[in-house]
Amino acid sequence: MSAPVPLEVGITRSPGTSLPGKRVLLAEPRGYCAGVDRAVETVEKSLEKHGAPLYVRKEIVHNRHVVETLAAQGVVFVDETDEVPEGSVLVFSAHGVSPAVHEAAASRSLHTIDATCPLVTKVHQEAKRFARDDYDILLIGHEGHEEVEGTAGEAPDHVQLVDGPDSVDAVTVRDPSKVIWLSQTTLSVDETMATVERLREKFPLLQDPPSDDICYATQNRQVAVKAMAPECDLVIVVGSQNSSNSVRLVEVALGAGAKASYLVDYAREVDLAWLEGVETVGITSGASVPEILVRGVIDLLDEHGFHTVQSVTTANETLVFALPRELRNPRP
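No experiment lies behind these values; they were computed from the predicted model shown.

*Asks:* Could you clarify how one ought to interpret the side chain of Ser288 in this entry?
*Replies:* You can see Ser288 is positioned in the loop between strand 12 (280-285) and helix 9 (291-303). Of note is the side chain of Ser288, whose polar atom sits 3.1 Å from the backbone oxygen of His62.

*Asks:* Can you help me understand unusual backbone geometry in this one?
*Replies:* What you tend to see is this: most non-glycine residues have negative phi, and most peptide bonds are trans. Here the amide bond leading from Glu28 into Pro29 is cis, since omega sits at 5 degrees, within 30 degrees of zero. Going from Ala52 to Pro53, the amide bond is cis rather than trans, its omega being 0 degrees. The topology assignment puts Pro53 in the loop between helix 1 (34-50) and strand 3 (54-57). Despite not being glycine, Lys58 shows a phi value in the positive range, around 65 degrees. With respect to the helices and strands, Lys58 occurs in the loop between strand 3 and helix 2 (64-72). Of note in this structure, Ser109 is not a glycine but carries a positive phi near 55 degrees.

*Asks:* Is there a simple way to think about helix 9 in this case?
*Replies:* Residues three or four positions apart in an α-helix share a direction because the helix packs 3.6 residues into each turn. Helix length check: helix 9, at 13 residues, gives a terminal C-alpha distance of 19 Å against a target of 18 Å (1.5 Å per residue), a fit within 8%. Burial in helix 9 covers these residues: Leu293, Val294, Val297, Ile298, Leu300, Leu301 and Asp302. Of the surrounding secondary structure, the elements contacted by the buried residues of helix 9 are strand 2 (23-28), helix 2, strand 10 (234-238), strand 12 and strand 13 (308-313). Taken from the residues just after helix 9, Gly305 is the one with a positive phi, measuring 95 degrees.

*Asks:* Help me understand the sheet that holds strand 5 (residues 89-92), please; the structure alone is not making it clear to me.
*Replies:* Within a sheet, each strand pairs with its neighbour through backbone hydrogen bonds, oriented either parallel or antiparallel. Strand order across the open sheet formed by four strands is 4-3-5-6, with parallel pairing between neighbours. Bordering the open sheet on either side are strand 4 (75-78) and strand 6 (111-114), each of which pairs with just one other strand. Averaged over neighbouring strand pairs, the angle between their axes works out to 30 degrees when direction is ignored. Of the strand pairs in this sheet, strand 5 and strand 6 are connected by four bridges, and their pairing is parallel. Considered in strand 6, the bridge of Val89 is made with His111. Set on the sheet, helix 1 makes contact with strand 3, strand 4, strand 5 and strand 6; between it and strand 6 the angle comes to about 150 degrees.

Rules of the game
- Residues numbered from 1 in each chain as written.
- Predicted model: local features only at pLDDT ≥ 70, side-chain atom pairs only at ≥ 80, totals over all residues.
- Heavy atoms only, no water.
- Helix = DSSP H or I, 4+ residues; strand = E, 2+ residues; numbered from the N terminus.
- Polar contact = N/O pair within 3.5 Å; in protein donor to acceptor, adjacent residues only side chain to side chain.
- Expected span 1.5 Å × (residues − 1).
- Buried < 20%, exposed > 50% of the residue type's maximum accessible area, 1.4 Å probe, protein only.
- Contact = heavy atoms within 4.5 Å.
- Pairing = 2+ DSSP bridges.
- Axes fitted to C-alpha atoms, helices over the stretch in contact; angles between N-to-C directions.

Set out below in structure tokens:
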């Protein structure tokens, strides 16, 4: 397998000038975002500090490999706080929880460590702020997603879930001049704005959130996929089925011109029939996917003749989030 070389993004090649032979286009950025990195490290540090069993509400991040690896080290994943023995240590996942969950944990004397992504926390704060100002808050997101449940729980009397453009017709508000939209951070930009446009047709005075709710990492990964998809016969997205941002990457790849796109957790899930007649394969991964899983797919493709690997770089990510205060190393 050759070393990655830069691909000039956005340059249209004339017919006959593309590189010969089978190749892989590798999206940059991909994989772990700052929020996921912080959440996983929070669990690892908590395990070191408190020992096993360590309890985590829901999946710490939506990735099967990460969850199975942590479970093997003594992490116990639960659905609700009442499954945790009183007085135990409980970590809240990166997706955030509602005040009701915090209260339920306190009632069981649980020592809680909050691994909520700071970008999700920002949306929670926006929901509380606009609820205090008595706005109707239209939360764009997917019903049942943990992040949506946590955000809506901050102001249940003011938040309505809007699950895509088709659900706009059912939305009602008290005062059309006091309506604002917020969104689940892991949606695609295109998906969110399609819903916003429909909402604005119905509520012309709809206000935008004070800052972009779509996670920078979600947006960056989609931009990279859009850049490489037109050149790809196939795009493989590494990620889990319950990972919203990973599922969106498949949709974005197909919408941007990829001839086919599939979501896999592991290289072994790649159907070799997908490679028939394929010259260019794009690879990316969701924001909760460790790089070792991407490497597995690259190695599999190398075994089947895809020896040239080119990076498609559309952004450089340098953001790092501090660990929860109780897990930070004391300053010397």
